[in-house]
Amino acid sequence: MPTPDSRPHLLARRRLRFLGLTPDDAIRAFFGGNAVVAVIVLALITYFLVREGAGFFGQNRRNLEVYRLAGLEFVDHLRAQEEAHTALTRRLSELRLQAFDRLSRGGADAGAADRALGGFDAYADRFGMAIDPLRALGSELAEIASAIKTKFVVNEDRKEERRQLSAEGRTAEAQRVEVAPVDFAAAARPLLAARDRHREVNRALAAELMSLLSAAPAPPVPELREPLELFGTEVRAYVSELPAIERRLETWDQARPVSFGEALRAFLFGRQWLTASFWQDWYGLLPLLTGSLLVAGVALILSVPLGVGAAIYVNQFASQREQRAVKPAIEFISAFPSVVLGFFGIAVLGEVLRQVSHVPWLDWVPGFPFSERLNVLTAGCLLALIAVPTIFTLAEDALNNVPRALPEASLALGASRLQTTLRIVFPAALSGIISAVLLGLGRVIGETMVVLLCAGNRIAIPDFTQGLGVMVEPVHTMTGIIAQEMGEVVRGSLHYRALFMVGLVLFLLSLGINFLAQRILRRYRLASS
Amino acid sequence: MPKTAASSSPIVEISDLDFCYGPVQALHGVNLAIPARQVTALIGPSGCGKSTLLRCLNRMNDLIEGARVARGSIRIHGIDIHGPEVDVIELRKHVGMVFQKSNPFPKSIYENIAYGLRLQGVRDRARLDAVVEQSLRGAALWDEVKDRLHQSALGLSGGQQQRLCIARTIAVEPEIILMDEPCSALDPVATAKIEELIQELRARYSIVIVTHNMQQAARCSDQTAFFYLGRLVEQAPTRDIFTNPANPQTEAYVSGRFG
Amino acid sequence: MSAPSSPFAPRSRQRRLREGLVIAVFRAATYVVLLAGGGVFADILIKGSRTVFQAEAPFINTTFLFSAPESLHVFEWEGRRREMGDREFRAFREREPGAADVRAESFVYSAGGIWPCIAGTLLLVAGAMTLALAVGVSSAVYLSEYARDGRFIRFVRLAILNLAGVPSIVFGLFGFGMFVIFFGWNVSLLAGWFTLAFMVLPVVITASEEALKAVPQGLRAAALALGATRWQTIRTAVLPYALPGILTSSILGIARVAGETAPIMFTAAYVVRDRLPWEVERAIDFLFQGVMALPYHIYVVSSKIPQNEYTERVQYGTAFVFLLLVAFVAAASIFLRNRLRARLRW
């Protein structure tokens, strides 16, 4: 019962204190600590990606420096010329194939066609063989360069061995490990000396090609006239490029240091991802990035109309019963494990798509027919299935958040349901829908198993010259490469660090997409309130 | 000027109280003495600060971000309730509160009443039983619920729920009970029961009630304080306020000309 | 358009038709999605059930569900084609004297079952969810009960949102860098638990906060006015009523934890392991062992081993079990949550 003069009741009870905190404070601090975990995890992710990946640039700089010092770069200049020539040769054989096709369609049997192409073949052969002296020179120099590199690598290994031995205190043994420093300048002298020979070879080559062109055979079929003329122009351009290549060799500076920026560019804009090569390893992001973007693009092209369309239908037109059935069903799709979808792609979808592509009346579709089961399209279709529930759910939310007054006002003015939806509700929800699409993109770019299993895993920048046909090429992706190679690399190696760098890029990319999505959403919220 | 005309010694003394929600000042220099074991009604139009003042008395405003006492003090038994040695938890045990919307816990009736004691660590079943019965009787609810003490409190009617909340409050043995428009969500019959109950409770508790209903203030309070725009306009024995207000604003309000 | 006879005459047929058509397109989009999802689901269910069920009692292929993966040996014996798993084959060779040097073709993982994978996945999910619930619910309690809106809290919320968008493979890399290498836990259950727990943390926090927010403010006020401390209020007047919501929504987190492959690839999963997780010598070894897991096993059998006519059986069987497991959990979560939302209008 209350006692009116219970003054002490008002005073603080002597609460237990620990380190100056009451139990309540401590509990509050405990919960607060847990709330910060998200921040800490984000910070730790950044830290460990940077920690494991940051060494990449230093190591890659060294890698590129050796590439230059050992003369591999010098030889690759030569090889570039060789490749240009080979490409022209390949063009000739393509033309022959066309001509042969044309002839046999014109009624000639194989023998007759071959005979008709006799002059052309001789021409092509001579063209192909013209590069042989250069090729010989190239492989001779490649051997020298590769020997320098091997010597350097062996030496580095010995150094490492010696360092370890002396670290273990076995100094005597350490002394016995022989280390012979490589004198790069001296070792590369034969390479530089070969520049004169290269000039001679090129002069002969130019003369040969010019004489070939002047004695070019008449086109075996009339359709080839134009391509052959084009070919002639290209050969002339190629010949006129030869002095430039010589100049490149002339000005090649073995001792020029590789800058940090060069190492960075080699990663960000490198066009090759080549590992465990006996010649030179390249860690270029471009093939992986384009692969990731291409697959994500295909997935979005498929999933945006489906996801947004379904959201509009369910939110605006579906009956209550249909809504109640469809929404959980689409949500349920989001629970499909991606590895199961990837497996489905390998087991079923890839083959189905390939056979569809061979249906004759679908010939007009770019890239059809194709023979690779696993490609951008297969992975893109499955990723679309992953993105649709995300896009659907968020877009439906955005449509739901449009204030009721807007469509009511429109309907009251005599607009139809569809007009109201398309002109009032959809624009009002647009930023929410855009952010839904962005979050869908984030999911798709970060998805691993589907692309690892279904994208075909060919590490090369897809051939965009084929237009939309690029959609059926096999590619490799940033997520896929990490999943595939991480298990096999040596810890601390350049390759290992490169994979962490790819992870870092992926991380930053997803943060950027997320950030953008939230910004758009926030602006929209402000505008509507 | 407001008259301070408490007949018995004041239990709460509010002096020069300024109260702010962030940049918005809600109370301006309020001086008010609340007498012990009487019913004090706070009346005034919406937004006049009467609820804010009520929530100051047990420091429920602490929970609102940016809310603070800018000047002045509130003393209960002469102790400044914002003083450093005052434990807000002890204060709230001492100053109970009944809310506008009845808010029983989704537990049994018994557990609702026993809640406050359990918080204090009381485990003794016999004592809990005694307090539950006592409190329910005190809130005139015992006869209605004694057979279903262990059923959910959410099964009670609105008026019963509100009386349950009162019973729950008196179970902690407060000295002061704050009531924030306790009948605003109830029908006239349930309201009458609560008013009856308030009359019974005034013998043992000092009650401060915020109400919009002038008849209610007239029927069941001893003292009435009229607030307008965050200022205390007039405080007087209820009879005086309703029959012979000193301030023309008060007169206008109680006669229904605005508000 | 001709002048309508009445001001309320229906609009022209053509326009109505066009509208109907557009709506039909939207509707078609909806059903294309459902059809695609249903198609994948049905394919795996139908083909997988051939592995998991059998014609004779007990109708469930217990060998597949409850034994470890083995190699399949295929050979000709007495003019008949025989297919045997490792153990059976060994016993057969001991039993039949002439069979010692029989030529058998062997196919890895194509016989036996997936019991270690099921066990491993269950262990991974249990541990990771325990961790995630502990941290996630506490975090949500802070955000919804204690925190006041301010720069710091906005920063924390931003971090949670962003964490939700981090690709799972990045979690895998992070777990590898931190737990496997920096902490030296190697590929282990513990490393997998932490990696997965951090990954679902945002899901659990968001779900828990939603459930806490659904508890009416009146209950908190009542408790505080009765002299409860902040913690007493939360413990007695908030958490008990938020808990069902927290748990049902968190089940969706389970589906995510169980379904992901990328985070456990380098942190917890082994391609093959002979012993079951609880067959360890010391209790501490339990934490520091790698395990087999269903999603990783699907990856291994569908792309890491040579494909042949025998692999499809185990591929579809594993996918069936895995999909059913995850789908069951997800369906339960969606169903319970919708029911709870409908019921809990305070």
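Residue positions are counted from 1 within each chain, in the order its sequence is given. Here chains are named by letter from A upward and ligands by number from 1 upward, in the order in which they appear as written. Where local features are concerned, this predicted model is filtered to residues with pLDDT of at least 70; where side-chain atom pairs are given and counted, the filter is 80 or more; whole-chain, interface and lining totals use all residues. Values shown for side chains rest on all heavy atoms present in the structure; no hydrogens or waters enter the calculation.

### A short note on the overall build of chain C
Selection criterion: Numbering of helices and strands runs from the N terminus, with a helix taken as a DSSP run of H or I at least four residues long and a strand as a DSSP run of E at least two residues long. Atoms considered for the radius of gyration are the C-alpha atoms alone. The globule rule reads 2.2 Å times the number of residues to the power 0.38. A simple rule labels every residue: compare its accessible area, found with a 1.4 Å probe on the protein chains alone, to the largest value its type can have, and call it buried under 20%, exposed over 50%, or partly exposed in between. Whether two residues are in contact is decided by their heavy atoms: any pair within 4.5 Å suffices. Where accessible areas are quoted, they stem from the Shrake-Rupley method and a 1.4 Å probe; at the residue level, only the protein chains shown are allowed to cover.
Along its length, chain C carries 13 helices and three strands. Computed over the C-alpha atoms, the radius of gyration of chain C is 27 Å, more than 25% above the 20 Å expected from 2.2 N^0.38 for a compact globule of 346 residues. A burial count over chain C gives 55% of its 346 residues as buried. In chain C, of all internal contacts separated by at least 6 residues, the share reaching a separation of at least 24 is 74%. As displayed, chain C offers around 16000 Å² of accessible surface, 61% of which is attributable to carbon and sulfur atoms.

### Structural notes on the environment of Ala332(C)
With respect to the helices and strands, Ala332(C) occurs in helix 13 (residues 311-343). Given a relative accessible area of 25%, Ala332(C) falls into the partly exposed group.

### Structural notes on the domain arrangement of chain C
Residues and elements named next belong to chain C. Counted only if it meets this: Domain start and stop points were drawn from an automatic or database domain assignment. Reported buried area values correspond to the accessible surface (1.4 Å probe) lost by two parts on association, with both partners' losses combined.
The domain architecture assigned to chain C consists of domain 1 (13-52), domain 2 (70-112) and domain 3 (115-343). Inter-centroid distance (C-alpha atoms) of domain 2 to domain 3 is 42 Å. Taken together, the contacts link ten residues of domain 2 with eleven residues of domain 3. With both sides pooled, the region where domain 2 packs onto domain 3 buries about 790 Å², and carbon together with sulfur makes up 61% of that total. A per-residue breakdown of the area domain 2 buries against domain 3 is headed by Phe107, Tyr109 and Ser110, which together make up 69% of the total.

### Overview of the interface of chain B and chain C
Under the convention used in this document: Take a side-chain nitrogen of Lys or Arg and a carboxyl oxygen of Asp or Glu: if they are within 4 Å of each other, that pair is a salt bridge. Polar contact criterion, stated in full: a pair of N or O atoms within 3.5 Å, where within protein one must be able to donate a hydrogen and the other to accept it, and residues adjacent in sequence count only if both atoms are side-chain atoms.
The interface of chain B with chain C comprises 23 residues on the first partner and 20 residues on the second. For the pairing of chain B and chain C, the buried interface totals around 1800 Å² over both sides, and the portion due to carbon and sulfur atoms is 65%. Our enumeration of links across chain B and chain C arrives at zero salt bridges. Our count for the contact surface shared by chain B and chain C stands at five residue pairs in polar contact (both at pLDDT 80 or more).

### Quick look at the packing of helix 15 (residues 376-400) of chain A against helix 17 (residues 417-446) of chain A
Residues and elements named next belong to chain A. Threshold: Only C-alpha atoms enter the line fits that serve as axes; for helices the fit covers just the stretch in contact. Angles between N-to-C directions range over 0 to 180 degrees. Should an angle fall under 35 degrees it is taken as roughly parallel, and over 145 as roughly antiparallel, whereas 65 to 115 is taken as roughly perpendicular and any remaining angle as oblique. If you view the pair so one helix is near and one far, a crossing is left-handed when the near helix is turned anticlockwise from the far one by less than a right angle, and right-handed when it is turned clockwise. Three classes are used: nonpolar for Ala, Val, Leu, Ile, Met, Phe, Trp, Tyr, Cys and Pro, charged for Asp, Glu, Lys and Arg, and polar for all others, with Gly counted as polar.
One can describe the packing of helix 15 onto helix 17 by two numbers: an axis separation of 8 Å at closest approach and a directional angle of 150°. Considered as vectors, helix 15 and helix 17 are oriented roughly antiparallel to each other. For the element pair helix 15 and helix 17, the recorded crossing hand is right-handed. The segment helix 15 lies against helix 17, with Leu383, Ile386, Ala387, Thr390, Ile391, Leu394, Ala395, Ala398 and Leu399 engaging Val425, Ala429, Gly432, Ile433, Ala436, Val437, Leu439, Gly440, Arg443 and Val444. Partitioning the contact of helix 15 with helix 17 into residue classes produces 15 nonpolar, three polar and one charged.

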